[in-house]
Amino acid sequence: YSLAIFNPLADPLFEQVYQINPKTDQAKIDNYKGLINMVFSVGALVGVLFSNSLQDRIGRRAVYYLSEAVAILGTPLYIFVNINLLCAARFVTGFYSGMSTSLGAIIIGEMMPNSVCGVGNVMAYVVLTLFILVGYLTQNLMTGEQMIANFRMLLMWPAAVSLLKVLLTPQLLRTDTP
């Protein structure tokens, strides 16, 4: 979701919130769109690399909670209308996405019985791709004005999912994996 949402949101965000005129500064808008997507991807790469080495040192449960804390604490950066903070928020969101995606498949594979762990991973990726679809469908479900009026909520609601995961995990993840 966090990568896909900028497909429908970027142009209205840069034009109406960041007040960049597309007639005179289209190249600037295009550069910013490329930058925020690149920073997300670099954050995801760093998150994957960081997550895997850290899992072996402090355990999967600790890294799981750390990744959710990164999402919850980093998401408020989207509140501010500042291109540097937007880039920082995109990096943090990418970092979280990389950590949680790489960790989720490992936890499911280790915690579920072999007969159903494949189904568990398939379901996890169905949910992942469904949320990517939701990000892209936002432009069909909301007008540009509605997206701008609610841009902070659109960018920040995944932190609510992280908070829900933190609250439910003690009930679901009762054993620690190495």
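What you are looking at is a predicted structure, and each value in this text was computed from that prediction instead of being measured.

A.B. asks: Explain the overall build of the chain to me, using residue names and the numbers behind them.
C.D. replies: Regarding its fold elements, the chain presents seven helices and zero strands. For 178 residues, the compact-globule estimate of 2.2 N^0.38 gives 16 Å, and the chain sits close to it at 18 Å. In terms of overall dimensions, the chain has C-alpha extents of about 55 × 30 × 25 Å along its principal axes. Relative to its full complement of 178 residues, the chain shows a buried share of 38%. Restricting to contacts in the chain with at least 6 residues of sequence separation, those with at least 24 account for 77%. For the chain, the accessible surface area stands at approximately 9,600 Å², while carbon and sulfur atoms represent 68% of it. Charged side chains in the chain number 10 positive and 9 negative. The centres of these two groups are separated by 5 Å.

A.B. asks: Tell me what's going on with the pattern of salt bridges, and back it up with residues and numbers.
C.D. replies: For the structure shown, the criterion picks out three salt bridges. Ionic pairing is found between Asp30 and Lys33, a salt bridge with its closest N-O pair at 4.0 Å. Of this pair, Asp30 and Lys33 both sit in helix α2 (residues 22-58), three residues apart, which is roughly one turn of that helix. What emerges from the salt-bridge pattern is a single network uniting Asp11, Asp30 and Lys33.

A.B. asks: So, unusual backbone geometry: which residues are in play, and what are the values?
C.D. replies: Even without being glycine, Gln19 reaches a positive phi, approximately 55°. Tracing the backbone shows Gln19 in the loop between α1 (6-17) and α2. For Gln19, a relative accessible area of 62% corresponds to the exposed category.

A.B. asks: Before we move on, could you go through the nonpolar core and cite the residues and values that matter?
C.D. replies: In this structure, Phe6, Leu9, Leu13, Phe14, Tyr18, Leu86 and Leu155 are the most contacted members of the largest nonpolar core, which totals 23 residues. Looking at this core, the element that brings in the most residues is α1, giving six residues. Residues contacting Leu9, with those up to four places away along its chain left out, are Met147, Phe151, Leu154 and Leu155. By size, the runner-up hydrophobic cluster in this structure holds 10 residues, among which are Val63, Tyr64, Tyr96 and Ile107.

A.B. asks: Break down the packing of α1 against α2 for me, with residues and values.
C.D. replies: Packing of α1 against α2 leaves a shortest axis separation of 10 Å and a crossing angle of 135°. On the basis of their axis angle, the class for α1 and α2 is oblique. Along this stretch, α1 crosses α2, giving a crossing that reads as right-handed. The segment α1 lies against α2, with Phe6, Ala10, Asp11, Phe14 and Glu15 engaging Pro22, Ile29, Tyr32, Lys33, Ile36 and Asn37. Considered class by class, the residues forming the contact of α1 with α2 number seven nonpolar, one polar and three charged.

A.B. asks: Tell me about helix α5 (residues 114-141), and please be specific about residues and values.
C.D. replies: Compared with the 40 Å implied by 1.5 Å per residue over 28 residues, the 40 Å span of α5 between its first and last C-alpha is a close match. When the local axis directions of α5 are compared, the greatest deviation, roughly 35°, occurs at Gly135. Of the residues making up α5, those classed as buried are Cys117, Gly120, Asn121, Gly135 and Thr138.

A.B. asks: Any details on the packing of helix α3 (residues 60-74) against helix α4 (residues 83-111)? Residues and values, ideally.
C.D. replies: The contact between α3 and α4 brings their axes to 9 Å, and the two run at 150°. Judged by the inter-axis angle, α3 sits roughly antiparallel to α4. You can see that α3 and α4 cross each other, and the crossing is left-handed. Only Val92, Phe95, Tyr96, Met99, Ser100, Leu103, Ile106, Ile107 and Glu110 of α4 make contact with α3, whose side of the interface consists of Arg60, Val63, Tyr64, Leu66, Ser67, Glu68, Val70, Ala71 and Gly74. Tallied by class, residues from the contact of α3 with α4 come to 12 nonpolar, three polar and three charged.

Procedures and definitions
- Residues numbered from 1 in each chain as written.
- Predicted model: local features only at pLDDT ≥ 70, side-chain atom pairs only at ≥ 80, totals over all residues.
- Heavy atoms only, no water.
- Helix = DSSP H or I, 4+ residues; strand = E, 2+ residues; numbered from the N terminus.
- Rg over C-alpha atoms; globule rule 2.2 N^0.38 Å.
- Buried < 20%, exposed > 50% of the residue type's maximum accessible area, 1.4 Å probe, protein only.
- Contact = heavy atoms within 4.5 Å.
- Areas by Shrake-Rupley, 256 points an atom, 1.4 Å probe, with all protein chains shown as cover.
- Lys, Arg positive; Asp, Glu negative; His and termini not counted.
- Charge placed at Lys NZ, Arg CZ, Asp CG, Glu CD.
- Salt bridge = Lys/Arg side-chain N within 4 Å of Asp/Glu carboxyl O.
- Core = buried A, V, L, I, M, F, W, Y, C linked by side-chain atoms within 4.5 Å.
- Axes fitted to C-alpha atoms, helices over the stretch in contact; angles between N-to-C directions.
- Parallel < 35°, antiparallel > 145°, perpendicular 65-115°, else oblique.
- Left-handed = near helix turned anticlockwise from the far one by under 90°.
- Nonpolar A, V, L, I, M, F, W, Y, C, P; charged D, E, K, R; others polar.
- Expected span 1.5 Å × (residues − 1).
- Bend = angle between axes of the 7 residues up to and from the residue.

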